[in-house]
Amino acid sequence: MADKRMTTIYPRSGCSSPACPTLPADAPRSSPGEVGRVDAGRRRRVRLGTVLVFLAVWLCVSCAAVAEFTPVGMAELFPSDRQSKTTLVINKVLERFHYRSFRLDDGFAQQTLLNYFEDLDPNRSFFLDRDVERFTRGANRLDDDLDEGKLDLAFDIFRVYRMRVDSRIEYANKLLEQDFDFDRSETYRFDREDAAWAKSDAELDDIWRKRVKYDYLTLKLADESDDDIREQLRKRYEGISRRIHQFTADDVYQAFVNAYTRTLEPHTSYMSPSTSENFDISMRLKLEGIGAVLSAENEYTVIQRTIAGGPARQSGQVHSGDRIIGVAQGEQGDMEDVIGWRLQDVVDKIRGPKGSVVRLEILPKAGGSGGRSREVELVRNEIRLEDQAAKAYLIEKPANAPDLRIGVIEVPAFYRDFRAESEGSRDFTSTTRDVRRLIAELQGKGIDGLVIDLRGNGGGSLTEATSLTGLFIDEGPVVQVKDALGKVDVEVDPDPGVVYSGPLAVLVDRNSASASEIFAGAIQDYGRGVIIGEPTFGKGTVQTLIDLDRYMPGNAAQLGRLRLTMAEFFRVSGGSTQLKGIEPDIHFDLGPDLSDHGERSLENALPWDRIRPARYAPYRPVDVNLLRQRSAARIRDDDGFRMLTSRGQLLTEINNQQEISLRESERRRESERRDRVLKEERNRFLRARGLEPVDEDADEVDEDALERQQEVIDRIQAEEAARILADVIVMQDAADRPRAAMRD
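In this text, all values refer to a predicted model and were calculated from it rather than measured experimentally. (Residues numbered from 1 in each chain as written. Predicted model: local features only at pLDDT ≥ 70, side-chain atom pairs only at ≥ 80, totals over all residues. Heavy atoms only, no water.)

Caption draft 1: Spotlight on the overall build of the chain. The secondary structure content of the chain amounts to 19 helices and 24 strands. Split into buried and exposed, the 744 residues of the chain put 59% on the buried side. Sequence-distant contacts in the chain: of pairs separated by 6 or more residues, those separated by 24 or more amount to 77%. A total accessible area of about 30,400 Å² is found for the chain, and carbon and sulfur atoms account for 45% of it. (Helix = DSSP H or I, 4+ residues; strand = E, 2+ residues; numbered from the N terminus. Buried < 20%, exposed > 50% of the residue type's maximum accessible area, 1.4 Å probe, protein only. Contact = heavy atoms within 4.5 Å. Areas by Shrake-Rupley, 256 points an atom, 1.4 Å probe, with all protein chains shown as cover.)

The structure is reproduced here in structure tokens:
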């Protein structure tokens, strides 16, 4: 999310026209005091239409109340004067304050229209090629229209879209009255993101014939009855049409403006007045969630990642990439199919009173599009700071150095209790304070080296990233922040002196982002420790939330809010953390292709860049070549890494798949093969560790045993990081090697 201390750019008076916003020449900028958590996940090509939602009481994006559906008439779907004024304000704000240079021309307008079509119809299942061609011919005037606040083209497109949806849903329901031949050899392209738009109604009919057959077969493989399948699919398809009929003029406007802003940069987005109001309400209500970051991908709600301390993470049954296809209330409530739902509506179903039960029907990522679903029961709860607190444990007697003890500190987030701090509390909670205490405890147990585990850490407070780095360096800069005007501020270690001076390693993965990348990058630049794991997410930009009403002084109209990218992070060595992220010194190749993950998967992401290095005094770095060789040799013979690599290769296969068989026998064989690949390696590894594997798909799951099983799997990489650090220690001259020491 944006800086928790959101500041607004204030206007000045003197507007010569009621529709003309005024912008101060030197508007105050939002200080990047807190680094937002990463807000986009992996997909083949992620668009701004993919909205991420933090299901926690303090991390929540707007979710509209959808208890009842009230259709919106076509006559209401036209632009308003308020929306015209909002467009003019947004144009000026983007031109003046966005980090990336902005120019509204024919090319930009053309891409905006294409993005709008893709956001409305990401799987290319409703519009025809002639629709796209007809409207994009008008793109050469769209830049002039937007300069004048004219929005007719956007609303014309949406009205055609609504008619196309109604036509397709009517056809799909007719198909449900027919029988299907599941012995026929044919395939369905379920991922049409990069396919051509259908040329004719007949071509679209065939796409939908296969889609309905695919949907039916998927439920048939889950042992649903014929009557139940037809009824469930009928409700699903009618729900798609019903939800499109709920789009108000504000919803249409928001969809178009978000296509417009993501043409510039993926983290810039707009919230309409109603969305902004619901956002504020959701921040006040005592409604809790499951602790997960969700996105909309085609017609599915996808788990991007789970949050430490949340019900989803603690269950051990919900994982990144899983798709939510059903939601039920309480232990006995009916499961409601949510395929095709708007993301906000799914969120509204999932959130509820603390302590209440929500059941999710999950389609695991590892099963692919043709896999079996499973039901997971979760108890809604608030995500508290203490649930995200850093934790420590010991790895004793690593195989390559049995006389050593390596401490591991898991840091799931860069947290800081700003409220307690502002109230004057001397003992407020923070990452740096907790890690300082844990270091002292580990030193009391005689550790020889320390691993900081940042896997899955999506970011948090910049203040904490800076001060945590300061525990391991004597003094100096930690990160540079460049704003849209080119001004560079340097964040420095606030507390000279070293708390821990011993051998250090930092473990990262593809989901380590933002503040995690600042910390890991500084440790790497200083040569203070070895960075181990996967290339990180690559989120190196800073956003702020702007109230657009401030630009229309004396005007009662509500314009909404704009989330704006206004700065970029650079390492002390000069390179940005944007896009590339942090490249580990020792790389764990776990199978999945990381070129299409994180910031690298986002359209129009800011490129990697470099500025002048800061002045800093690096430590003597470790020669990592021998460390790499030794680690690679161990990993080749390690059952745990063999399991992780096998799973990663299977996920890559699934990610690259665009078509699937509609022959039942082939689907069953493929599902069984994937289950076998996943379970055989996992079970072999767990039994070697003395654990009897827990079947997540069983009717009754021993959650304590499942938690122990997941902990063992999670520590595979940490244990190898400890062995790498042990190699570092052994390689150093024992007489010269500094032991861990606490400094006052």
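Caption draft 2: Structural context of the packing of helix α3 (residues 129-136) against helix α5 (residues 152-175). α5 packs onto α3 with a crossing angle of 170° between their chain directions and a minimal axis gap of 11 Å. The angle between the axes of α3 and α5 places the two elements in the roughly antiparallel class. Together, D131, R134 and F135 of α3 and L153, D156, I157, V160 and R164 of α5 make up the contact between the two elements. Of the residues in the contact of α3 with α5, the class split is four nonpolar, no polar and four charged. (Axes fitted to C-alpha atoms, helices over the stretch in contact; angles between N-to-C directions. Parallel < 35°, antiparallel > 145°, perpendicular 65-115°, else oblique. Nonpolar A, V, L, I, M, F, W, Y, C, P; charged D, E, K, R; others polar.)

Caption draft 3: Layout of unusual backbone geometry. Here K397, not a glycine, exhibits a phi torsion of approximately 55°, which is positive. Here K397 shows up in the loop between β13 (391-396) and β14 (405-410). Here K397 falls in the exposed class, since its relative accessible area comes to 63%. With a phi close to 70°, L579 is a non-glycine residue in the positive phi region.

Caption draft 4: The packing of aromatic side chains, seen in detail. Across all of its chains, the model carries 24 aromatic pairs by this definition. Considering the side-chain rings of F414 and F519, the 6.5 Å spacing of their centres and the 50° angle between planes classify their relative orientation as tilted. Here F414 is found in the loop between β14 and α12 (418-422), whereas its partner F519 is found in helix α15 (residues 515-525), with 105 residues between them in sequence. Judged by relative accessible area, which is 0%, F519 ranks as buried. In textbook terms, an aromatic cluster arises when at least three aromatic residues are bridged by ring pairs, as seen for F117, F126, F127, F135, F158, Y161, W197, W208, Y237 and F247. Above the plane of the ring of F135 lies R134, whose end atom (NZ or CZ) is 4.3 Å from the centre. (Phe/Tyr/Trp six-rings, centres within 6.5 Å; stacked < 30°, edge-to-face > 60°. Lys NZ or Arg CZ within 6 Å of the ring centre and 35° of its normal.)

Caption draft 5: Just helix α8 (residues 249-264), in detail. A rise of 1.5 Å per residue sets the reference length of α8, with its 16 residues, at 22 Å; its end C-alpha atoms lie 23 Å apart and thus fit the reference within 8%. With 15 of 16 residues buried, α8 lies mostly within the body of the structure. (Expected span 1.5 Å × (residues − 1).)

Caption draft 6: Geometry of empty space enclosed by the protein. Following the criterion strictly, the structure yields two cavities of 30 Å³ or more and no others. Each pocket or cavity is described by its volume, and for the largest cavity that value is around 180 Å³. If you trace the largest cavity, you find 18 residues lining it, with T218, L219, I325, I339 and L363 closest to the centre. Listed by contribution, the elements that provide at least two residues to the lining of the largest cavity are α6 (201-221), α7 (226-244) and β11 (357-363). When residues in the lining of the largest cavity are grouped by element, the largest group, five residues, is from α6. By residue class, the composition of the lining of the largest cavity is eight nonpolar, five polar and five charged. (1 Å grid on protein atoms, 1.4 Å probe; cavity = no way out; pocket = protein on both sides within 12 Å on 5 of 7 lines; lining within 4 Å. Points joined across faces, edges and corners; volume = space filled by probe spheres on them.)

Caption draft 7: Structural view of a nonpolar patch on the surface. Together, V488, V490 and V492 give the surface a local cluster of nonpolar side chains, amounting to about 210 Å² of exposed area. Structurally, V490 is set in strand β18 (residues 488-492). Residue V490 is classed as partly exposed on the basis of its relative accessible area, which comes to 40%. (Patch = residues over 30% accessible without salt bridge, like charges linked within 9 Å, V, L, I, M, F, W, Y side chains within 5 Å. Salt bridge = Lys/Arg side-chain N within 4 Å of Asp/Glu carboxyl O.)

Caption draft 8: The packing of helix α13 (residues 431-444) against helix α14 (residues 462-470), seen in detail. Closest axis-to-axis distance for the α13/α14 pair is 8 Å, and the angle between their directions is 25°. Taken together, the axis directions place α13 and α14 in an arrangement best described as roughly parallel. For the pair α13 and α14, the contacting residues are T431, T432 and V435 in the first and E464, S467 and L468 in the second. Taken together, the residues that form the contact of α13 with α14 break down as two nonpolar, three polar and one charged.

Caption draft 9: Highlighting the pattern of salt bridges. Across all of its chains, the model carries 53 salt bridges by this definition. A salt bridge links D215 to R236; its shortest N-O distance comes to 3.8 Å. You can see D215 sitting in helix α6 and its partner R236 sitting in helix α7, a full 21 residues away along the chain. Across the pair, exposure class does not vary: D215 and R236 are buried alike.

Caption draft 10: Representation of a negative patch on the surface in the model. Taken together, the side chains of E331, E377, D702, E703, D704, E707, E711 and D714 define an acidic patch exposed on the protein surface. Counting residues per element, the negative patch draws most heavily on helix α19 (residues 703-731), which supplies five residues. Relative to the assigned elements, D714 resides in helix α19. Residue class for D714 comes out partly exposed when judged on its relative accessible area of 39%. (Lys, Arg positive; Asp, Glu negative; His and termini not counted. Charge placed at Lys NZ, Arg CZ, Asp CG, Glu CD.)

Caption draft 11: Just the sheet that holds strand β20 (residues 530-533), in detail. The mixed open sheet is built from six strands, whose spatial order is β13-β14-β15-β19-β20-β23. Of all the strands in the sheet, just β13 and β23 (586-587) have a single pairing partner and so form its edges. With two bridges joining them, β20 and β23 adopt parallel strand pairing. Across the sheet, the residue bridging to I532 is I586, located in β23. Contacts from α13 reach β13, β14 and β15 (449-453) within the one sheet, and its direction differs from that of β14 by about 160°. (Pairing = 2+ DSSP bridges.)

Caption draft 12: Geometry of the side chain of S601. With respect to the element layout, S601 can be found in the loop between β23 and α16 (625-636). Within the local environment of S601, its side chain forms a polar contact with the backbone oxygen of G598, the two atoms lying 2.7 Å apart. (Polar contact = N/O pair within 3.5 Å; in protein donor to acceptor, adjacent residues only side chain to side chain.)

Caption draft 13: Representation of the nonpolar core in the model. Grouped together as the largest cluster of nonpolar side chains are 70 residues, with contacts concentrated most on V93, Y116, F127, I157, F158 and L548. In terms of residue count, α5 provides more of this core than any other element does, eleven residues in total. Every residue in contact with F158, bar those within four places of it in the chain, is listed here: L77, Y116, L120, I244, F247 and V252. Within the second largest apolar cluster, 40 residues are counted, among which are V435, L438, V478 and V479. (Core = buried A, V, L, I, M, F, W, Y, C linked by side-chain atoms within 4.5 Å.)

Caption draft 14: How the structure looks around the environment of L650. Relative to the helices and strands, L650 resides in helix α17 (residues 639-656). Between the C-alpha atoms of L650 and P592, which are 58 residues apart in sequence, the distance is 8.3 Å. Beyond its immediate sequence surroundings of up to four residues, L650 is in contact with A366, R673, R674, V677 and L678.

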